[in-house]
Amino acid sequence: MKRIISLLLVLALAAGLAACGGGTPAPSSTSAPGTAGQPTVAMGRWVEQEVLTMDGMAPSEAYQKEDGTVVVWMMREDPQTYERSFQRYASADGVNFTEDPPDYMAKLTGSVIVVMPLGDGSTIFGTYTVEGEGEAASYQQAYFYCRDGAEPQPLDLEALVPEGNVLLGLTPIGPTSMVVAYSPPDGPEERQSGNSNNAEGYIYDLASGTKGADVDFTLAKNSMSSSNGTPLTNAVNTGDRLLYVVGAADGPQLCEMGLDGQSKVLLDKCDFLGNYSPSAVDKDKNYYMLNDTGISRVVYGGTLQEQVVEDRAFAYASPELYAAKLLAAADGSFYMCALNTGGSTATAPLYRYVFDENLPSEPENTITVWSLVASDTVKAAITQFKKSNPDTEVDYTVAMEDRPGVTTQDLLTTLVTELLAGKGPDVIVCDGFDYAPYVEKGIFADLSGVLNKDDFKENLVDSYFTDAGTFILPMRWKLPIVFGLPEEVAALKTLDDVQAAILEAPAQEPGLATDSDNFYAWKEPAEQPAMLLPGVNRVLDFVLGSGMPAIVTAEDVNEENLRRTYEFVRSVGQYYSLQGVADG
């Protein structure tokens with residue numbers, strides 16, 4: 001009978017489940033003939049490669065030049081001054097990147113805050129300078145048109161924006177042009193921000209310095225995230241037009257804007273698109289979008305979405321990773337610029353996805369993971385596991401997503417049937433169902449022979465190391481924290497101490513919630529409650545999270561401590577007028 005190990009045990013054995021991965025657009029698998037008596041082997045699968053990682057930086061832009069060179073801009077922000085610096089990296093082979101600082105960077109005036117590549121490889125830089133100090137300080141914005149081997153060309157914003165209007169933003173379109181968007185000022189005079197609902201604009205050719213067609217923002221306004229946002233924030237430049245996503249009553253729409261300034265809807269009701277998902281276009285104007293399930297494509301002029309890259313084990317599925325930019329390269333591969341906040345220091349990894357037709361479509365070694373619902377912990381663990389085990393594939397099944405409409409009980413029945421038949425997944429995440437019957441039936445593997453209890457925090461795992469064996473460990477746990485003045489925190493040794501401190505201090509305001517305007521409002525010490533507990537669930541989280549070992553033991557339930565816990569919840573709930581706490 002196939003034996004199953006829980007996910008945390010795999011994590012403990014492998015120091016975390018981890019990532020390796022790759023693409024040509026919509027490639028198809030081939031087959032390799034087997035030897036006599038052996039089946040034919042399907043060939044070809046996507047591979048993920050981490051080709052560049054920068055510590056303490058964030059991704060800014062990625063594009064490909066006409067000669068095939070892949071260019072990536074990275075940004076570093078000073079945590080004290082918030083000033084940004086940008087570095088450019090380039091690769092001729094798409095894999096080996098080296099720093100490629102342009103000469104014009106040192107000649108820009110002010111601090112660079114934004115980088116906007118144009119279709120021909122030239123770049124628009126936005127900068128700012130501070131004039132004056134304190135309350136008298138003012139920020140002056142400037143833009144520069146830069147080309148390798150040429151002097152930076154400052155853009156005359158007063159000439160670009162009609163008198164009486166405020167610049168909303170610049171968006172590259174075509175090889176050397178940009179959309180100039182502006183509106184009348186909105187709000188207080190000192191703020192002088194615009195309102196994108198009133199946006200107007202035109203197309204300006206930077207190479208010739210001439211104004212082109214006026215822009216119709218009727219459709220584009222729906223793509224703006226706020227009333228004072230920059231138009232076309234999610235647009236991608238195809239080289240002769242823009243493709244962008246807008247929100248509509250019936251769902252997102254994929255639209256295009258040409259160099260004539262006019263827009264039209266290319267694809268209606270495309271629920272798979274989102275305003276904030278990284279997107280890209282290839283040389284044929286096909287549109288790609290990245291989310292945590294993979295890379296989707298809409299063929300230019302088509303009406304259907306197709307999944308091009310799909311692998312839940314790749315880095316883009318990790319909750320610790322923010323995907324910032326997507327690049328569809330000319331050779332059919334893809335690049336994802338990301339920000340990883342999972343470690344002690346944020347890193348900016350660049351991943352390449354390439355379709356390798358010489359690899360079997362199914363790896364020789366595969367671990368199957370099963371859970372009822374999607375788990376960020378599982379996704380992060382898989383990413384870590386594959387970093388240490390690049391030759392092992394991880395197939396992650398989310399039962400309620402893969403079989404929508406099927407009840408939880410039916411999903412579990414199917415799982416048990418497969419397991420008893422010696423089939424089913426290798427790793428099960430027990431999210432919301434009792435694992436004890438699986439242990440009793442001998443389905444879960446006993447890992448007491450390979451796990452050392454001393455490697456774990458004893459108070460977290462003690463109840464899982466039993467005489468019968470070790471079959472499961474928790475993936476996550478909550479650590480309740482109380483913070484305050486050292487002497488006050490040191491005095492809270494028992495639940496009685498906590499209750500007394502709460503009842504002796506002022507009560508919190510009735511109806512207080514974490515999203516209340518006054519939740520973080522300053523109060524004089526004499527007016528401050530001892531603890532902020534917005535809602536009875538927060539009280540339960542605190543007392544059960546810190547006191548559960550005293551209530552439930554491996555042998556029984558301590559009824560006295562359980563009764564004392566409910567007395568605490570009732571007393572504090574009544575004092576704070578929390579909804580759902582009975583008067584009696």
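Not measured: the values here are computed from a predicted model. (Residues numbered from 1 in each chain as written. Predicted model: local features only at pLDDT ≥ 70, side-chain atom pairs only at ≥ 80, totals over all residues. Heavy atoms only, no water.)

Peer 1: Help me understand the packing of helix H9 (residues 495-504) against helix H11 (residues 559-575), please; the structure alone is not making it clear to me.
Peer 2: Between two packed helices, the angle of one axis relative to the other and the distance separating the axes together describe the packing. For the pair H9 and H11, the least separation of the axes is 10 Å and the interaxial angle reads 10 degrees. As summarised for this structure, H9 and H11 are arranged roughly parallel, according to the angle between their axes. Two secondary-structure elements touch here, H9 through Leu495, Asp496, Val498, Gln499, Ile502 and Leu503 and H11 through Arg564, Thr565, Phe568, Ser571, Val572 and Tyr575. When grouped by side-chain class, the residues that make up the contact of H9 with H11 number seven nonpolar, three polar and two charged. (Axes fitted to C-alpha atoms, helices over the stretch in contact; angles between N-to-C directions. Helix = DSSP H or I, 4+ residues; strand = E, 2+ residues; numbered from the N terminus. Parallel < 35°, antiparallel > 145°, perpendicular 65-115°, else oblique. Contact = heavy atoms within 4.5 Å. Nonpolar A, V, L, I, M, F, W, Y, C, P; charged D, E, K, R; others polar.)

Peer 1: I'm lost on the pattern of salt bridges in this one. Help?
Peer 2: Between side chains of opposite charge, pairing is possible as soon as their charged atoms come close. If you walk through the whole model with that rule in mind, you get 18 salt bridges. A salt bridge links Asp100 to Arg88; the nearest nitrogen and oxygen atoms lie 3.1 Å apart. Placement of Asp100 in the loop between strand E7 (98-99) and strand E8 (111-117) and of Arg88 in strand E6 (residues 84-91) is noted, with a sequence separation of twelve residues between them. Of the residues examined, Asp100 reaches a relative accessible area of 26% and is grouped as partly exposed. (Salt bridge = Lys/Arg side-chain N within 4 Å of Asp/Glu carboxyl O. Buried < 20%, exposed > 50% of the residue type's maximum accessible area, 1.4 Å probe, protein only.)

Peer 1: Even after reading the chapter, I still don't get the pairing of strand E19 (residues 241-246), so can you show me in this structure?
Peer 2: Moving residue by residue along a regular strand, the side chains alternate between the two faces of the sheet. Taking burial as the measure, the six residues of E19 include five buried ones, the bulk of the element. Where strand E18 (residues 236-237) meets E19, two bridges bridge the pair, whose relative direction is antiparallel. Its bridge partner lying in E19, Val236 is registered against Leu243. In this sheet, strand E20 (residues 253-258) lies alongside E19 in antiparallel orientation, the contact comprising six bridges. Bridge pairing links Val246 to Gln253 in E20. Taking the residues that link successive antiparallel strands as the turn, the E19-E20 hairpin has six residues, and the phi of Gly251 there is positive, at about 125 degrees. (Pairing = 2+ DSSP bridges.)

Peer 1: Hey, could you run me through the side chain of Gln87 in this one?
Peer 2: Take Gln87: it is sitting in strand E6. There is a polar contact of 3.0 Å between the side chain of Gln87 and the side chain of Glu99. Beyond its immediate sequence surroundings of up to four residues, Gln87 is in contact with Met57, Val72, Trp73, Met74, Arg76 and Glu99. (Polar contact = N/O pair within 3.5 Å; in protein donor to acceptor, adjacent residues only side chain to side chain.)

Peer 1: Before we go on, may I ask you to explain the sheet that holds strand E12 (residues 166-173) in this structure?
Peer 2: Note: strands within a sheet are paired through backbone hydrogen bonds, in either parallel or antiparallel orientation. Taken in spatial order, the four strands of this open sheet run E12-E13-E16-E17, and their pairing is antiparallel. Lying at the two open borders of the sheet, with one neighbouring strand each, are E12 and strand E17 (210-214). On average, each strand axis in the sheet is inclined to that of its neighbour by 30 degrees, with strand direction left out of account. Two elements, strand E16 (residues 200-205) and E17, share three bridges in a ladder whose sense is antiparallel. Looking across to E17, one finds that Tyr204 is bridged to Lys211.

Peer 1: What exactly am I supposed to notice about the sheet that holds E6 here?
Peer 2: If you walk across this open sheet you meet the four strands as E4-E5-E6-E7, and the pairing is antiparallel. In the strand order of this sheet, the two ends are held by strand E4 (58-64) and E7, each with one partner.

Peer 1: So what exactly am I meant to see when it comes to the pairing of strand E5 (residues 70-77) here?
Peer 2: Of all eight residues making up E5, six are buried, and the element is well covered by its neighbours. Across six bridges, E4 lies against E5 in antiparallel orientation. For Tyr63, the partnering residue across the bridge sits in E5 and is Val71. Hairpin connection, E4 to E5: the antiparallel pair is bridged by five residues, and Gly68 has positive phi, about 95 degrees. In the sheet, E5 pairs with E6 via eight bridges, with the strands oriented antiparallel. The partner of Met75 across the bridge, within E6, is Phe86. The hairpin formed by E5 and E6 contains six residues between the paired strands, and Tyr82 there has a positive phi angle of roughly 65 degrees.

Peer 1: Just checking my understanding: could you explain a nonpolar patch on the surface for this structure?
Peer 2: A contiguous nonpolar surface patch, about 430 Å² in accessible area, is contributed by Leu479, Ile481 and Phe483. Here Ile481 lies in the loop between helix H7 (458-461) and helix H8 (486-490). Classification of Ile481 by relative accessible area gives exposed; the value is 62%. (Patch = residues over 30% accessible without salt bridge, like charges linked within 9 Å, V, L, I, M, F, W, Y side chains within 5 Å. Areas by Shrake-Rupley, 256 points an atom, 1.4 Å probe, with all protein chains shown as cover.)

Peer 1: Explain the packing of aromatic side chains here, please?
Peer 2: Within a pair of aromatic rings, the relevant descriptors are the distance that separates the centres and the angle that separates the planes. Enumeration according to the criterion identifies 16 aromatic pairs in this entry. Ring geometry for Tyr182 against Tyr202: centres 6.5 Å apart, planes inclined by 55 degrees, an arrangement best described as tilted. Placement of Tyr182 in strand E13 (residues 177-183) and of Tyr202 in strand E16 is noted, with a sequence separation of 20 residues between them. The same class applies to Tyr182 as to Tyr202, namely buried. For the pair Tyr316 and Tyr353, a centre-to-centre distance of 5.7 Å together with 45 degrees between the ring planes defines the contact as tilted. Residue Tyr316 is found in the loop between strand E25 (305-310) and strand E26 (321-328), and its partner Tyr353 is found in strand E28 (residues 347-360); the two are separated by 37 residues along the sequence. Note on Tyr316: relative accessible area 5%, which makes it buried. (Phe/Tyr/Trp six-rings, centres within 6.5 Å; stacked < 30°, edge-to-face > 60°.)

Peer 1: What exactly am I supposed to notice about H11 here?
Peer 2: Residues three or four positions apart in an α-helix share a direction because the helix packs 3.6 residues into each turn. Here H11 contains 17 residues, and its C-alpha end-to-end distance of 24 Å stays within 8% of the 24 Å for a straight helix at 1.5 Å per residue. Residues Arg564, Thr565, Phe568, Val569, Ser571, Val572 and Gly573 constitute the buried set of H11. On its buried face, H11 sits against H9 and helix H10 (536-551). Where H11 terminates, the next one or two residues include Ser577, which has phi positive at roughly 55 degrees. (Expected span 1.5 Å × (residues − 1).)

Peer 1: Explanation requested: the environment of Val394 in the structure shown.
Peer 2: With respect to the helices and strands, Val394 occurs in strand E30 (residues 392-398). C-alpha separation for the pair Val394 and Asp311, spaced 83 residues apart in sequence, amounts to 8.9 Å. When sequence neighbours within four positions are dropped, the list of residues in contact with Val394 reads Asp311, Ala313, Ile367, Val369, Ile382, Phe385 and Lys386.

Peer 1: Can you help me understand unusual backbone geometry in this one?
Peer 2: If a residue is not glycine, its phi is most likely negative; likewise, a peptide bond is most likely trans. For Lys285, which is not glycine, the phi dihedral falls at a positive 70 degrees. Along the chain, Lys285 turns up in the loop between strand E22 (279-281) and strand E23 (287-291). Despite not being glycine, Ser577 has its phi angle at roughly 55 degrees, a positive value. Along the chain, the position of Ser577 falls in the segment after H11.

Don't take any of this as a statement about function, it's just geometry.
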